[in-house]
Every structure is written in C-alpha cells, then in structure tokens.
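Chain and residue survey
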Amino acid sequence: MDAFSAPTLFSRAAANPDKPIRVGRNKAYPRQLWWFIASFIAFVAICQFASWLALKISARRPSPSSSQTRAASWRRLPSALVNTYRVVAFRWTLNIGPTFTLTLAELFVVCGYIIALYTWSFVNTTNLAGQKLNQSYWENRLGVLGASQLPLITVLGTKNNALSYITGVSYDRLKFIHRMMARSVFILLWSHGIARVRLFRLSLDASQYPSWFVPLGILAMSAFTLLLLVSVRPLRARVYELFYYVHVLTVLIILFGGYFHANDEGFGFYVWPCFAIWGLDRAMRLARLIFYNHLYFGFSSTAHRLDASVELLSPHLVRLHLKRPPHFRWTPGQTAYVAMPGVSRFPIESHPFTIASVDARYDLNAVSEKAVVDVEKVADADSDADGTLYWNELVFLIHVREGYTRRLADCAARGEKVKVLIDGPYGFSPNLDGDDTVILVAGSSGVTYTLSTFLGVLSHVKSGKSKCRKLIFVWCIRDASHIEWISQALSRALELAPATIDITVRIYVTSPNGQSVPRDSSWAEEESLHSSENASPATKTRPSSLLNFQAVQVSSGRPDLTALLHEQIEGTSGRLSVTVCGSQGIARACRTALRIPMSTTLKGGPSVVLHVESFGYA
C-alpha cells in the first residue's frame, strides 16, 4: 500500500508542478499578513503610549496665561504639527448619508486593510506556464486568508478585548473595525467558494473530498450572508434585538461549518481559536456577573432590596437606578451591560448603557474612598433625593425605542421595580485632568455621557487632580420639560463646585412650546441643531432649582456651535478638550468647527483635543 502510494503522489506532483508552489504560498501568506497586522497594532500601541506620556508631562506644567500676546513662534511647531494631525485624521470626514461618518483615520485603516488583504490574495498568481492570475493559485488562497482572519474578527467583537488595552481604543470603537473586517472577509470567502465550484465543473475531481465538504461550506456562507444582511446599519439600528439573536446563531454556524470545512484542508487551526476566544470572553463576563451580583445568586434575604427603580421621565426616556454593589467601581463615561430577566425575552440577554452617575469616590461633599457604602447596610433606607442619586447609585438614562426598552418603559408606567444584573464597567474614560478648558456637548439622551463626565471633572478639580480652569456644559433638547431629567443633579453639582473653576451651563431648547422641529437631513436623532440661528433667552422655561445659579443659561433655538467653539479657542491658551455625545449632526458640526489652521497653534492658541462618543444602540 505504502509502496504504491509514494510513486502515485510523486507522479501527481510531476504532472502538476504548480501544486507544491501553491501549497507553500497558501501556508506562508496568511502568516505574512498576520505579521503585517501585528506590526500596525504595535505601532498604534506605541503612539498611544507616547500620547499618554506627553499628557502626563503636560499636566505637570503650569498653564499659560490667556492674556499673553499671541505672536507666532517656531517653538510651538511640535504642538502645531500634532494639532494638524488631529485635524486631518479625526476631523476631516467622509459623510455617508445622514447617520454615518468616517474619519480619514478610519478610512485609512479600512483602505489599508483591504489593500493588504487583496494584495496577499492575488500576488504571485502566475503559474509556471506563464498564465497570470491563474485561478488554481488564488482560489484556495482566498479561503485560507479568509479563515486566518476569523480569530482577529472574533477578538474585535468581544467585550473583554485585549486589543483595547494594547491600543487604548475602547471596545465599542473597535466594533467598526470588526464589521469592516468581517465584510472584507465575506467577499473573500464567497469569491473562494464561487471559484472552487467553477473548478469542480471544469477540472477538479470533487470525489476526493468528503460528501459534506461543499454543503458545509455553503451552509456557513449562507449564514454569513444572512448575518451581513441584518447587520446593515439602518436595519441593525431599527431592529437591534433581531440582529442580536441572528448574530449569535449565525456566528455559531459560521464557526462550526468553517472549522470542519477548513480542517479537511489542514487549516482548521485558524478557526478553533475563535471558540477559545469567545469562551474566555463569556467566562469572564459570567464571573463578573456573579461577582457583582452575588447577593442575588446567594439567595440573600435582602436581595429583593437591590431591585432597580424605573421612572418614566418622558415618553421617550426612562431613568433606571439601583443601589450599586460596594465593590463595583467605574469612571465617568463608562458603560455597563444591563440584564433584566423580567424585561428581556431571554434571561441572559443584556444591553449596553452608559452610566449617568459617578461612584462615591467622586462625591463633591467628601472626595474620599471612604465614601463607599455597603449595599446591605443602606438597603433599608428611603430613596435618596433626586440630586444625590448621581453619587450614591447606578443611574442609567435610557432612550425608549422598540422591544427591550419599550417593555422597560411599560414597567415604569406601571410603577414596577425590576431585577437587574450588572456586568461591567466597559470602555475608557477620556483623561481630562490635563485640560485647561473642558467643553462638554450633548444632544438629548447623550447627556448620559456628559453629565457623568461633568461631575467627574468637578470632583477632580476639587481634589486637586485636575488643572481645569473653565468648564462649559452644553445640552440641546427638544422640549423644556426635559431639563428636569438632570436639573437636581446639576443644581447640587453647581452648589458644591469649587470656587476655583469657571462654570457655564448652556441649555438650548429647540422646541420650547413642545412643538416638533422640522428635521434637517443631517440631524438624525431627537435633537435638531445647526450652526445657523441665534438663540433667544427663554428663562421662563428654567426649573426653579436652576434659577439661583448665574452660570446657567437656558435659551430657545439652535446653538451656533461654530461660534461657541471658536470663541473659546480664541480666549484660551494651554489645552482645550471638546467631548461630544449626540447625533451625527452634532458630531459633524463640532468636527467642522474644530478644523483649526496650524497658524492658530503657532500663535499661542490652545492644543485642541476632540472626543466623540457613539450615540444609540449601534
């Protein structure tokens, strides 16, 4: 048998001298592509570390005086070059429709990855006979390269993402790369499948493969196709729960089918790590779920006291708040995954929401770690006042849509409490301690992010951790009644704020009489803003709790964000940050306003940093 097999294999190789070359390249090129990607990740990590180091150094330097005469100086060239890079990479954008924006940095990553992927797919595909782009050279290589990228796609889709800590990019922002890579690999794998079927029809002997080989590949790619259809942004945003369930089911089909299909060709080692990555992520999430909700799982007699209160603040917004576990800590702007077995269709279903409150370390009354309280000791106490919720409890301001959030709103309307399991925190908070001026811009429920950041900045200023001298809070809403969502929290923060910081709170009511504002095509969410109209005072709409503070300005109309930001840039030296959480319209307006020329920094203008947070489910 062995004596017969060796000459047979030799004769096949002699009959097809291209095969050893093809096989060798199929093994080598995926490794080369991985080295290329790893090198880019390392470069980003080094840049992130250098940025962090520069921020630490600058935070120790005294802030320059804003009254200094602004004369151009080449000493400021390094800062000017950094600012120019930020403008080009993150503020020049490609706008696709009213709800999707790509920065040039994201576009560079997309194009770079696609070029690399298809370069390694079709390079050196000339056979020994001189035929260029020979199908037998590239069709199997497409499948191997596609399979080799599955572990990276899986890592980018997990919540406990090692790449987030390496690069400093939060897991939610890496989701864009996750989707981009998945779609690129989808095209690659379908091209492989179509080319392989064509070879079967022309020359390849299908009998050398198991009977399940081709059907399993088709099943996996059919599941992949369904997943990409429901992941299209408008559909994903509209029916997120459907996307969630389809995603879980189809990914399992893709990975199982892909493993057995690739393993028959000797490349299953590219696919099985996906199961390990996914399993580790789930195990870590489960462990954290038990650790932070142990009173529920321990069947404690006080477990029912941890149930969350749900308030319907408006037809479109729900406030969920609960006593946090004493060992659950977070920083402003982080998110938590919230599971509500009595609300969701499946007990393990959870959704991410930004935490609107800060933990006790940021208490303005006593900025101390001793402020942390034991949940069981305070479970019998009455509910805290509305303003103190944002320091004593986990608070979520949840925009009501369909499905999960609609059912939660129905619970609020009935005055019910809900059982909540918390998993988190996730994401990174921007480091604003080294900023001389901090501007926070929110639209509608985007205030969830900027409110906690506002409270965090005030706490750090009071404790001496932040050098911030001016804090501007801008919030745009459609109805004056929405001010009550956070009015008590703002009032308490302003009352306890340190005297060393200049605070301005500007609230713009785009429809003060409750009438709907005509939607412009570039503004896709509840708020409707643009740098066009002058706002007129509307002090009659102020809640009484805010009337005592001169720092608060409530106006009717749409804010001129360009004028507002330019005014602050012209009057500021040192470092200025703008943090935005709102619709694409607000983010686009801020990016446009902050495209400042290099000459501004050379003449002593501020170093401007922009943080843009995602808005909504998807």
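Please read all numbers here as calculations on a predicted model, not as lab measurements.

A word on the overall build of the protein chain
- When helices and strands are tallied, the protein chain shows 21 helices and 16 strands.
- In the protein chain, which comprises 618 residues, the proportion classed as buried is 51%.
- Counting contacts in the protein chain only where the partners sit at least 6 residues apart, residues at least 24 apart contribute 78% of the total.
- Split by element, the accessible area of the protein chain, about 28900 Å² in all, is 61% carbon and sulfur.

Thoughts on the sheet that holds strand S9 (residues 421-426)
- Here we have 3 strands laid out as an open sheet, ordered S6-S5-S9, and antiparallel in their pairing. The open sheet terminates on both sides in strands that have one partner only, identified here as strand S6 (350-354) and S9. The sheet shows a mean angle of 25 degrees between the axes of neighbouring strands, taken without regard to direction.
- Against the sheet, helix H12 (residues 272-292) contacts strand S5 (335-339), S6 and S9, and its axis sits at roughly 120 degrees relative to S9.

Looking at the sheet that holds strand S7 (residues 393-399)
- As summarised here, the arrangement of the 4 strands in space is S7-S4-S3-S8, forming an open sheet in which the pairing is antiparallel. Lying at the two open borders of the sheet, with one neighbouring strand each, are S7 and strand S8 (417-418).
- As paired strands, strand S3 (residues 308-314) and S8 are joined by 2 bridges and run antiparallel to one another. Bridge pairing in S8 links Ser309 to Lys417.
- Those strands touched by helix H16 (residues 404-413) are S3, strand S4 (317-323), S7 and S8, and its axis lies near 95 degrees from that of S3.

A word on the pattern of salt bridges
- Applying the stated criterion across every chain, the model contains 11 salt bridges.
- Linking Asp423 and Arg288 is a salt bridge whose minimum nitrogen-to-oxygen distance equals 3.1 Å. Within this pair, whereas Asp423 is found in strand S9, its partner Arg288 is found in helix H12, the two being separated by 135 residues in sequence. As far as burial versus exposure is concerned, Asp423 and Arg288 are alike and both buried.

Considering the confidence of the model for the protein chain
- Residues at a pLDDT of 70 or more form 82% of the protein chain, whose mean pLDDT is 80.
- A low-confidence stretch, residues 1-13 (pLDDT under 50), is modelled with 0 contacts involving residues beyond four sequence positions or located in other chains.

Quick word on helix H6 (residues 150-157)
- For H6, the buried fraction is high: 7 of the 8 residues fall into the buried class.
- Turning to H6, its buried residues number three or more, namely Leu150, Pro151, Leu152, Ile153, Thr154, Val155 and Leu156.

As for unusual backbone geometry
- With a phi angle near 55 degrees, Asn124 is a residue other than glycine that sits in the positive phi range.
- Tracing the sequence through the fold places Asn124 in the loop between helix H4 (104-122) and helix H5 (135-148).
- A positive phi angle, close to 50 degrees, is found at Leu133, a residue other than glycine.
- A relative accessible area of 53% places Leu133 in the exposed class.

Details of the packing of H6 against H12
- H12 packs onto H6 with a crossing angle of 10 degrees between their chain directions and a minimal axis gap of 8 Å. As summarised for this structure, H6 and H12 are arranged roughly parallel, according to the angle between their axes. Every residue of H12 that contacts H6 at Leu150, Pro151, Thr154 and Val155 is listed here: Cys274, Ile277 and Trp278.
- Among the residues forming the contact of H6 with H12, the class breakdown is 6 nonpolar, 1 polar and no charged.

Considering the nonpolar core
- In terms of nonpolar packing, the biggest core is built from 49 residues, with Leu33, Tyr113, Leu156, Leu163, Ile177, Met181 and Phe224 touching the most fellow members.
- Mapped by element, the contributors of at least two residues to this core are helix H2 (18-60), H4, H5, H6, helix H8 (171-202), helix H9 (213-230) and helix H11 (240-263).
- Per-element tally for this core: the top contributor is H8, with 11 residues.
- Leave out the neighbours within four places in its chain, and Leu163 touches Ile41, Leu152, Val155, Leu156, Gly168 and Leu174.

Observations regarding the environment of Val246
- Mapped onto the fold, Val246 is located in helix H11.
- You can call Val246 buried: its relative accessible area is 14%.
- Expressed as a C-alpha distance, the spacing of Val246 and Val230, which sit 16 residues apart in the sequence, is 7.8 Å.
- Discounting residues that sit within four places of it in the chain, Val246 has contacts with Leu226 and Val230.

So, the pairing of S7
- Within S7, 7 of the 7 residues are buried, which leaves the element mostly enclosed by the surrounding structure.
- Relative to S7, S4 runs antiparallel, the two sharing 7 bridges. Bridging across to S7, His321 finds its partner in Val395.

Some remarks on the pairing of S4
- Among the 7 residues in S4, 7 count as buried, and that is most of the element.
- Alternating residues of S4 divide into Leu317, Arg319, His321 and Lys323 and Val318, Leu320 and Leu322, and every residue in both groups is buried.
- Pairing between S3 and S4: 5 bridges, direction antiparallel. In the strand pairing of S4, Glu311 is matched with Arg319.
- Hairpin remark: S3 followed by S4, antiparallel, with 2 residues in the connecting loop.

Describing H4
- Taking 1.5 Å of rise per residue, 19 residues should cover 27 Å, and H4 covers 27 Å from first to last C-alpha, within 8% of that figure.
- Regarding H4, the residues found buried are Val110, Tyr113, Ala116, Leu117, Trp120 and Ser121. Considered in projection along H4, the buried side chains sweep an arc of 140 degrees and stay on one side of the axis. Residues of H4 that are exposed and angled more than 90 degrees away from the buried face: Phe108 and Ile115.

About the criteria used
Residues numbered from 1 in each chain as written. Predicted model: local features only at pLDDT ≥ 70, side-chain atom pairs only at ≥ 80, totals over all residues. Heavy atoms only, no water. Helix = DSSP H or I, 4+ residues; strand = E, 2+ residues; numbered from the N terminus. Buried < 20%, exposed > 50% of the residue type's maximum accessible area, 1.4 Å probe, protein only. Contact = heavy atoms within 4.5 Å. Areas by Shrake-Rupley, 256 points an atom, 1.4 Å probe, with all protein chains shown as cover. Pairing = 2+ DSSP bridges. Axes fitted to C-alpha atoms, helices over the stretch in contact; angles between N-to-C directions. Salt bridge = Lys/Arg side-chain N within 4 Å of Asp/Glu carboxyl O. pLDDT = per-residue confidence, 0-100. Parallel < 35°, antiparallel > 145°, perpendicular 65-115°, else oblique. Nonpolar A, V, L, I, M, F, W, Y, C, P; charged D, E, K, R; others polar. Core = buried A, V, L, I, M, F, W, Y, C linked by side-chain atoms within 4.5 Å. Expected span 1.5 Å × (residues − 1). Arc of directions from axis to C-beta.

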